[in-house]
Structure formats: C-alpha cells, structure tokens
Amino acid sequence: MKIDVADGTFDAPVREPASGTGPGIVLVQEIFGLDDYLTSVAADLAALGYVVAVPELFWRVAPGWSSGHDEAGVTASMEVAGRFDFALGVSDAIATLRRLRTRTGRAGILGFCLGGSIAYEVAAAADPETAVSFYGSGVPDRLDQVGRITCPIQFHFGGRDPYIPRPAVQRVVDAVTALPNAEIHVQEEAGHAFHNNVAPQFHNPEAAAAAWELTTRFLARTLPT
C-alpha cells in the first residue's frame, strides 16, 4: 500500500488474514526497520484476523532500512534513528491509520520501542479504535498527553529496561492506573525489547509470551475480529 503525504510517498506493506478482510492494525517498527521480526509480528496479527499495515517510517533518511540485531546492527540503527524526524513519523503513522481505515472500517495501532512511543502519540493526536504501546521510551516524558487519549490503550514495559529506568516506568504506572481506558503491565524480570524473538540479547521468552497473551486479549476486547 502506498501512502501519500505532503513531501512524498512511502510504502506500508499489508499483511492480510486468510479471509482477506478484518479490522485494521497499523504496526509500527522498532529502530531496526521492516525486518524479519516485524514481519513475524504482522503474520501473528493477521492470523488473529487483522489486516496489518506496516509503514516504512525511515523512508526519508534510509529507504528500505533493515538491520541485524547484533551490536553493529544496534549501532547502525541508532545512527539512522538519530536522523529520523519523530514528529513526521507520527504524522506518517496517522496517515497510514486513516488510509487503512478506508479499507477496513475500523483500525487500531500497535508499536514496539520507537513504535511504542509513536503508537502513544497517535493515540493522543488521532482517533484509533485501540492502541498498544510496547516499551516506548518517549512515553514517560510525555505524560501530559495522557488526558488526550480517548481510545482504549495498553502499555507494556520491562522492569529491568536499561533504556527506560524503573522509576520512569513507575511514572507511567502512576499516571494511567486510574484511567478507565488504560491498562499497564510491567514484566519485572524483562529488559528492553523483550518481545523481539530474533534478538537474543533482548528476547525474554517468558515475558514475551505473557505480554503477547495480554495483548491478544486486549485486542479481542477493543478491536474484535
């Protein structure tokens, strides 16, 4: 799927369920780009009955970017992410959401890491049916946006994340626990990117399975297929 915005056009590959129809989910990338991990998550969501669109957010600075998950890949991806315009990325995700909704009628957003921060911002700035944010490092410093979110939203964090210290996670817990439209889950033994099953240095299988079960139940309630 091609998405037109003011300064150009970018790709948002679509993964369809076996039925060919269903509600939509915009799946937002980590800094590693549109890699094998993101492809596997899109396949998992499609298997649940969702039409999944994956916007290529680095199209302005590194078209087609996809890196490995070793130390060199992390370093290279951090460099690319450093040139990425976050506000434009949020706008691109919103454009993808709106385009996907014209096809599916209903659409939510789910993101990991960088994508977790973007999913949070989209939930505050636009109107997804639902939103899931995995370990978005930008969330703790943007809690002034919580009150703008009207859709159901679910947050996931690791309790041992070196990029998002536990006190920062606790600020999110404190800010959202009482909200009727929000829920938050902390996998206390997990670090950053614990759901990424192609990154051995990050992946925590137990935490990943627990968080994904919570995610699928949340989606089934808030964006049923």
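Our structure is the block above this text.
Keep in mind the model is a prediction, meaning the values are calculated, not measured.

## Remarks on the overall build of the chain
When its secondary structure is counted, the chain shows six helices and nine strands. Over its C-alpha trace the chain gives a radius of gyration of 16 Å, about what one expects of a compact globule, namely 17 Å for 225 residues. With the C-alpha coordinates of the chain rotated into their principal frame, the extents come out at 40 × 40 × 35 Å. Here the contacts in the chain between residues at least 6 apart in sequence split such that 67% fall between residues at least 24 apart. Surface summary for the chain: the accessible area is close to 9300 Å², and the carbon and sulfur share equals 54%. On the chain, the mean spot of the 16 positive side-chain charges and the mean spot of the 26 negative ones are 7 Å from each other.

## Topic: the pattern of salt bridges
A side chain with one charge can pair with a side chain of the opposite charge if their charged atoms come near. Going through the model one piece at a time under the given rule, you end up with 13 salt bridges. Here R103 makes a salt bridge to E16, at a shortest N to O gap of 2.0 Å. A residue pair is termed long-range when its members are at least 10 positions apart, and R103 in helix α3 (residues 86-104) and E16 in the loop between β3 (14-15) and β4 (24-28) qualify at 87 residues. Since its relative accessible area comes to 40%, E16 is described here as partly exposed. In this structure, R142 and E121 form a salt bridge, with 2.9 Å as the shortest nitrogen-oxygen distance. Here the residue R142 occupies a position in the loop between β7 (131-134) and β8 (153-158), and E121 occupies one in helix α4 (residues 114-125), the gap between them amounting to 21 residues. Accessibility expressed as a relative area gives 9% for E121, which makes it buried. Look at the salt bridges and you will find they share partners, linking D7, R60 and D92 into a network.

## Some points on α3
Along its 19 residues, α3 runs 26 Å from first to last C-alpha, staying within 8% of the 27 Å computed at 1.5 Å per residue. Within α3 the residues assigned to the buried category are G89, V90, D92, A93, I94, A95, T96, L97, L100, R101 and T104. Packing partners of the buried residues in α3 comprise β1 (2-5), β2 (8-11), β4, β5 (51-53), β6 (107-112) and α4. Of the residues that open α3, the one with a side-chain oxygen 3.1 Å from the backbone nitrogen of A87 is D85. A positive phi of about 85 degrees marks G105, the residue just after α3.

## Quick notes on the environment of F218
On the secondary structure map, F218 appears in helix α6 (residues 205-222). We classify F218 as buried; its relative accessible area is 3%. Sequence-distant contacts of F218, defined by excluding residues within four places in its chain, comprise T130, A131, V132, P152, I153, Q154 and E183.

## Digging into the packing of α3 against α4
Interhelical geometry of α3 versus α4 gives an angle of 65 degrees and a closest axis separation of 9 Å. Between α3 and α4, the interaxial angle falls into the category roughly perpendicular. Pair α3 / α4 crosses with right-handed handedness. Between α3 and α4, the residues in contact are F86, G89, V90, A93, I94 and L97 and L114, S117, I118, E121, V122 and A125, respectively. Broken down by class, the residue content of the contact of α3 with α4 amounts to nine nonpolar, two polar and one charged.

## Looking at α4
Taking 1.5 Å per residue, 12 residues should reach 16 Å; α4 reaches 17 Å between its end C-alpha atoms and fits that length. The buried fraction of α4 is high, at 11 of 12 residues. In this structure, the buried side of α4 is in contact with β4, α3, β6, β7 and β8.

## Some details on the layout of surface pockets
Over the atoms, a rolled probe matching the size of one water molecule traces out where space is still vacant. Here the largest pocket is characterised by a volume of approximately 380 Å³. Along the walls of the largest pocket sit 16 residues, with I31, M78, C113, L114 and S137 positioned nearest its centre. Of all the secondary-structure elements, those providing two or more residues to the lining of the largest pocket are α2 (71-82) and α4. In terms of residue count, α2 provides more of the lining of the largest pocket than any other element does, three residues in total.

Analysis parameters
- The numbering scheme is per chain: residues are counted from 1 as the chain's sequence reads.
- For a predicted model such as this one, the threshold for reporting local features is a pLDDT of at least 70, and the threshold for listing and counting side-chain atom pairs is 80 or more; totals across whole chains, interfaces and linings nevertheless cover every residue.
- Water and hydrogen atoms were dropped before computing side-chain values, which therefore reflect all heavy atoms in the structure.
- Numbering of helices and strands runs from the N terminus; a helix is a DSSP stretch of H or I covering at least four residues, while a strand is a stretch of E covering at least two.
- We compute the radius of gyration over the C-alpha atoms and compare it with the globule rule, which gives 2.2 Å times the number of residues raised to the power 0.38.
- In this description, contact between two residues means that some pair of their heavy atoms is separated by no more than 4.5 Å.
- A 1.4 Å probe and the Shrake-Rupley method give the accessible areas. Residues count as covered only by the protein chains that appear here.
- In summary, the charge assignment counts Lys and Arg as positive and Asp and Glu as negative, without counting His or the chain termini.
- In plain terms, the charge of a residue is placed at NZ if it is Lys, CZ if Arg, CG if Asp and CD if Glu.
- By salt bridge we mean one thing: a side-chain nitrogen of Lys or Arg within 4 Å of a carboxyl oxygen of Asp or Glu.
- Remark: exposure states derive from per-residue accessible area (1.4 Å probe, protein chains only) relative to the maximum for the residue type, with buried under 20%, exposed over 50%, and partly exposed in between.
- A helix is expected to span 1.5 Å for every residue after the first.
- The definition of a polar contact used here is a pair of N or O atoms within 3.5 Å, where within protein one atom must be able to donate a hydrogen and the other to accept one, and adjacent residues in sequence count solely through side-chain atom pairs.
- To obtain an axis, a line is fitted to C-alpha atoms, over the contacting stretch when the element is a helix, and the angle between two such axes runs from 0 to 180 degrees between their N-to-C directions.
- Any angle from 65 to 115 degrees is called roughly perpendicular, while one under 35 is roughly parallel, one over 145 is roughly antiparallel, and all others are oblique.
- Crossings are assigned a handedness: left-handed for a near helix turned anticlockwise from the far helix by less than a right angle, right-handed for a clockwise turn.
- Classes in brief: Ala, Val, Leu, Ile, Met, Phe, Trp, Tyr, Cys and Pro nonpolar; Asp, Glu, Lys and Arg charged; the others, Gly included, polar.
- Here a cavity denotes a set of grid points, spaced 1 Å apart and computed over the protein atoms alone, in which a 1.4 Å probe fits but from which it cannot get out, and a pocket denotes an open set meeting protein on both sides within 12 Å along at least five of seven lines; residues with an atom within 4 Å of a point are reported as lining.
- Grid points are joined across faces, edges and corners, and a volume is the space filled by probe spheres set on the points.

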